[in-house]
Each structure stands twice: as C-alpha cells, then as structure tokens.
Amino acid sequence: MNTMELDKRFRCEALRDRVMSAEEAALLIRDGENVAVSGFTPSGCPKAVPLALARQVRDGERKLRLGLFSGASTGEELDSAWAEQDIIARRLPYMTSKALRAAVNGGSREGVAYTDQHLGMVAQNARYGFYGPIRTAIIEAAAITEEGHLIPTTAVGCSQTWIDLAEQVIVELNLRQPAELEGFHDIYRLADPPARQPIPLTDAAQRIGLPYLSCPVEKIAAVVITDLPEKPRPLAPEDEVSKKIAHNIVAFLKNEKAQGRLSADVCPLQSGVGSVANAVLLGLKDSDFSHLRFFSEVMQDGILDLMDAGKADMASATSLSLSEAGMQRLLGNLEAYRGKLLLRDSEISNSAEVIRRLGVIAMNTAVEADLYGNVNSSQMNGTSVYNGIGGSGDYARNAAISIFMTNSVAKNGKISSIVPMVSHVDHTEHDVDVIVTEQGWADLRGLSPKQRAVSIIENCAHPDYREQLRAYFEDACAATRGAQTPHLLDRCFAFHRQLKETGSMRMDEEK
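**Remarks on the environment of Leu322**
Here is step 1 of the chain: By the element assignment, Leu322 lies in the loop between strand 15 (319–320) and helix 11 (324–331).
Here is step 2 of the chain: By relative accessible area, Leu322 is classed as buried at 4%.
Here is step 3 of the chain: Sequence separation of Leu322 and Thr41 is 281 residues, and the distance between their C-alpha atoms is 9.7 Å.
Here is step 4 of the chain: When near neighbours in sequence (up to four residues on either side) are disregarded, Leu322 contacts Pro232, Arg233, Met299, Gln300, Asp301, Leu304, Met327 and Leu330.

**Regarding the packing of helix 16 (residues 449–459) against helix 17 (residues 463–479)**
Here is step 1 of the chain: At a minimum axis distance of 10 Å, the contact between helix 16 and helix 17 shows a crossing angle of 165 degrees. With respect to each other, helix 16 and helix 17 are oriented roughly antiparallel. Crossing angle aside, the handedness with which helix 16 passes helix 17 is left-handed. Residues Lys450, Ala453, Val454, Ile457 and Glu458 of helix 16 form the contact with helix 17, whose participating residues are Arg466, Leu469, Arg470, Phe473 and Cys477.

**Some words on helix 16**
Here is step 1 of the chain: Listing the buried residues of helix 16 in full gives Pro449, Arg452, Ala453, Ser455, Ile456 and Ile457.
Here is step 2 of the chain: Looking at the packing, one finds that the buried side of helix 16 touches strand 18 (368–370), strand 25 (418–419), strand 26 (434–437), strand 27 (440–443) and helix 17.

**Focus: the pairing of strand 5 (residues 136–141)**
The side chains of a regular strand alternate between both faces of the sheet.
Here is step 1 of the chain: Most of strand 5 sits out of view: 6 of its 6 residues are buried.
Here is step 2 of the chain: Summarising the sheet, strand 1 (residues 34–37) and strand 5 pair through 3 bridges and their orientation is parallel. Bridge pairing in strand 5 links Val37 to Ile138.
Here is step 3 of the chain: Sheet topology note: the strand 5/strand 8 (residues 168–174) ladder contains 6 bridges and is parallel.

**What to know about the pairing of strand 17 (residues 361–365)**
Here is step 1 of the chain: The element strand 17 is largely enclosed, with a buried count of 4 among its 5 residues.
Here is step 2 of the chain: For strand 11 (residues 269–271) and strand 17, the ladder comprises 3 bridges, and the chain directions are parallel. Residue pairing in the sheet places Ser271 in a bridge with Met363 of strand 17.
Here is step 3 of the chain: The pairing of strand 17 with strand 22 (residues 401–405) spans 5 bridges and is classified as parallel.

**Overview of the packing of aromatic side chains**
Here is step 1 of the chain: Scanning all chains against the criterion turns up 4 aromatic pairs.
Here is step 2 of the chain: Between Phe69 and Trp162, the ring centres sit 6.3 Å apart and the planes meet at 40 degrees, which makes this aromatic pair tilted. Of the two residues, Phe69 sits in strand 2 (residues 66–69) while Trp162 sits in helix 7 (residues 159–165), which places them 93 residues apart along the sequence. Of the two residues, Phe69 and Trp162, both sit in the buried class.

**As for the environment of Ala251**
Here is step 1 of the chain: Among the structural elements, Ala251 can be located in helix 8 (residues 240–258).
Here is step 2 of the chain: Using a relative accessible area of 24% as the deciding quantity, one classes Ala251 as partly exposed.
Here is step 3 of the chain: On a C-alpha basis, the gap between Ala251 and Glu353 in space is 29 Å, while along the polypeptide they are 102 residues apart.

**A short note on unusual backbone geometry**
Here is step 1 of the chain: In this chain, Leu92 is followed by Pro93 through a cis amide linkage whose omega measures 5 degrees.
Here is step 2 of the chain: Omega for the peptide link from Pro193 to Pro194 comes to 10 degrees, which places this bond in the cis form.
Here is step 3 of the chain: Mapped onto the fold, Pro194 is located in the loop between strand 9 (185–186) and strand 10 (220–226).
Here is step 4 of the chain: For Asn381, which is not a glycine, the phi torsion comes out positive at approximately 60 degrees.
Here is step 5 of the chain: Among the residues examined, Asn381 registers a relative accessible area of 29% and is labelled partly exposed.
Here is step 6 of the chain: For Lys411, which is not glycine, the phi dihedral falls at a positive 50 degrees.

**Topic: the confidence of the model for the protein**
Regions with low pLDDT should not have their predicted coordinates read in detail.
Here is step 1 of the chain: Mean pLDDT for the protein: 92, with 96% of residues reaching 70 or above.
Here is step 2 of the chain: Per-residue pLDDT stays below 50 along residues 504–511; that stretch engages in 30 contacts with residues further than four places along the chain or on separate chains.

**Observations regarding the packing of helix 9 (residues 275–285) against helix 10 (residues 301–308)**
Here is step 1 of the chain: Here helix 9 crosses helix 10 at 10 degrees, and the two axes come no closer than 8 Å. The orientation of helix 9 relative to helix 10 falls into the category roughly parallel. Taken together, the residues of helix 10 that come into contact with helix 9 (itself represented by Asn278, Leu281, Leu282, Leu284 and Lys285) are Asp301, Gly302, Ile303, Asp305 and Leu306.
Here is step 2 of the chain: In terms of residue class, the contact of helix 9 with helix 10 is made up of 5 nonpolar, 2 polar and 3 charged.

**A closer look at the sheet that holds strand 18**
Here is step 1 of the chain: The 3 strands lie next to each other as 19-18-25, forming an open sheet whose pairing is mixed. Bordering the open sheet on either side are strand 19 (375–376) and strand 25, each of which pairs with just one other strand.
Here is step 2 of the chain: Bridge analysis of strand 18 against strand 19 gives 2 bridges, and the strand direction is antiparallel. Looking at the pairing, Glu368 lines up with Asn376 of strand 19.

What counts, and at which threshold
Residues numbered from 1 in each chain as written. Predicted model: local features only at pLDDT ≥ 70, side-chain atom pairs only at ≥ 80, totals over all residues. Heavy atoms only, no water. Helix = DSSP H or I, 4+ residues; strand = E, 2+ residues; numbered from the N terminus. Buried < 20%, exposed > 50% of the residue type's maximum accessible area, 1.4 Å probe, protein only. Contact = heavy atoms within 4.5 Å. Axes fitted to C-alpha atoms, helices over the stretch in contact; angles between N-to-C directions. Parallel < 35°, antiparallel > 145°, perpendicular 65-115°, else oblique. Left-handed = near helix turned anticlockwise from the far one by under 90°. Pairing = 2+ DSSP bridges. Phe/Tyr/Trp six-rings, centres within 6.5 Å; stacked < 30°, edge-to-face > 60°. pLDDT = per-residue confidence, 0-100. Nonpolar A, V, L, I, M, F, W, Y, C, P; charged D, E, K, R; others polar.

Okay, structure coming up:
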C-alpha cells in the first residue's frame, strides 16, 4: 500500500486506531438489524464489508437476516451476494439484481419483503421512522477529511441521511476511487416539514451545500481500507429500434421549439437508466440543440458524449451510472469534467419542488403503456416486480413535460407494449404527457381519454397490432355506449392471462 497516497486520503488522526479488516468490520453487524448503504446503482456502493459478511454466512460462521436500505439499486457485491445467501429479509427502495428479483418474487427459502418506493421520498420516510431503526450504515469514501467528514465516490444517494440515523458507521476508504473526486459533490441537508424551508436551488449548476458528508468522529466504528473496483453494468449497443425512438424524441423536442413552447436548450433534461435512454442522449448529440443542461438522478455515457461534442454545458445528478468504458473515460480525465458534473443527495436530485421549479423535461422508459396513457414501469404480468418504479415517478409527476418511451413490441414481436389496459399502474394518465415508440409519438396533453386512445394506436402501436387494438377500442366504445374511458374488462384480463401462459399478447389469440 502506498503510504503517501493513504496519508493524502486518510487525513483524520483520531480514526487511525479504528482501521480494521473487512472481516472484522462485518462482525459489527448483528442479526436482525437494518443496514443502510451508500451509493445509487452500483456506483458508490460499499463492496469489501458486504462481501466479507456474505462469505461468513456462506461458510457457516454466522446466520444473519438483515434489512437492506440504499438510495436505489446496489452492486453485485450487495444485492446479489446477500440474496444468494438468504441474508436479505427486507429490501427497499429499488433493485436490478437477478438473484434478488427471484428471491422477492417467491424464489427465496426465507422470503424477502420488498418495498418499491419513489426514490425522492426514501430519505424523508427514513427520518420519519417509517422503515424502523437503522443500526449500521456502510459508506464508501474516496477520502476522510481532518475532521472525520467523508468525501463520497461516484454517487451520493441517501448517504447523509443514513449517517445521521445510524448508531454506527463503517467507512470503506476505497483507494481505487480517484482522490480527484473531491469537489464534485454538493451535500445539502433538508429539515423535515413543517420546519422545511424552500430549497435554494434555481439553476441546475448551482451549489447549495457542502462538498462532503458530515459525520461525527465518535459515530465511526470502523475504517476499512479497500481497493476494489466498481463493476458498472454494460450498456447494450445501439440498435435500429432505439435509434428510431431517439429520433422521434428529438423530432418531438424540435416541434416544441418550433411551436414556441418549452425548449430543450433552455429547460434542463432528465433521462432514465438503460440502453434506450442512453440512445436518446446520443440522438441529441446529432441534433441542432446546444448548451444542454441536465437535472437528473443518473448520468449515463451519453452525457459524456454530449459534453465532449460541446453540446452539453453541465449535468447535475446523484449518480454516475456509467458503463465500464464510460467510467474509465471519466475517471481518466476528471479535471476536464470538473465544474461540469455535480453529484447531489437523491433527496435533491429527485425533489418535486426543484423539478417543478426548473421546468425539467423528463424522459423515462416504460414496460408497457395502455390506450389511455397509463404506464407500467415496474411489473411483469401485474404480479412480479422487475426492478421498481425508481425515480421515474418523482419526475413524471412534476416535470414540465413527462415523456415515456418504449419499444412498440417485445419478445421478438410476440408481445405488444401498447395494451388495452396495463397490468400494473405506476404512472397514471394524469402524469404522462407524451408516449414515444420507434413508430412515432403521441402527444396526450389536453386530450380526452378516447382522443388519447386514437393517438396512441395510430402513432405508437406496432402495425402488427394496430388493427387488433382498433377493434378492441371500437368494441369497448360500443359496449359501454360512449363512456368516458371505454373498457371491456374481461377482454383485458384475458389479454394478460394469455401473455402469462404463452408469452404472447396477440389480440387475435384472445378472441
């Protein structure tokens, strides 16, 4: 270990006697407690202590069942490693791990109680005590200041709230994370209602807080020195469908500009997670828009492309959710991005107040959308959770324009993503302004339910399903004698039952 490098990172003399191994620190965690961790997506999550704890359980040294709280999903070192050992008794607020997903949906011996939660509400709900007491917080840091404060790494999430609520804090000082990350963060504590004051943020680039996580020295029970790398999730390569979706969103934004309404080079943009969302960012690189600003919960590779091309001026988020290539590109040239990237608490990045004040244009992905504009973004067949609602609800409910995008079909065309009625509602028709597929876009603003149905069928549905959806809508209108929102519930239920049994949503198989 490089002593000079360690001294530069570990600047608090009062904590030197609390250095211990990951295995020793893991023993500080007790059965039955709630553990809260730093990070948001795999970025910024602790790694060494969770892996040590999983090894102890796997080898029969201990038996543990724990609640696991985070800002969003975590890395494989947490969700997957702990799910595989049946350590997780309770989980919130979001996940992406295949092993944990299986456990939540009935594949665990012990069972996992999963709370799918709006990410912008997690910190406040925790402070209100809705989730119960938190005994241990595990926080990854790039450095520890002279006073014992913690410099976060590649994400913030709910770290400050976890530190404030926990009885003890275990710090993973990760020397693999660049020391140059210091100065990229803006940590702002909120008071809870009714004592809360307006958040003094009127521009996406504005700093309102501190560059570190505040942590009393006496609360830190252990410091674990690590050098474990992050394992970012890969982004699927752009395909023709995602390129068409990106083209349609850019075309919609150009139309907004031509109509003299909200403009993408004035209002900050928010983009969700995933390959389609990243394709939209790449589509903006080839557009006429410039001086773009982002106020989002995550930054994907496409934002770096926009900055490198001189198209984006800055991005504010709570996490650098980059691919491995994107992360290497960022960390290898941090000084070029200093002042352009800002990492905040998720309670600020996902704040309803700030999203509405800034006039954010929100772009999120859907699993399916129905004829009237309701969106399902978290469930399969209405019963099995896939990931969760994440932060999409925070933005959809408060954005100046709320856009949801999806492929028009899935499973090699066997499933239509435009359905008569979604099997699970995450975002109601009242929170969805625009639906975009590779077929086109449907602007739902100001339309009645029946007008929305026509627009969605004609502009967003795949041609293979368009006639069948028209027939359903016409039959529903006739059977309900012109009702406000025509539905044939038996046909809707049969539609999704067929999907569950055969993997096909073809309407003609329902008749």
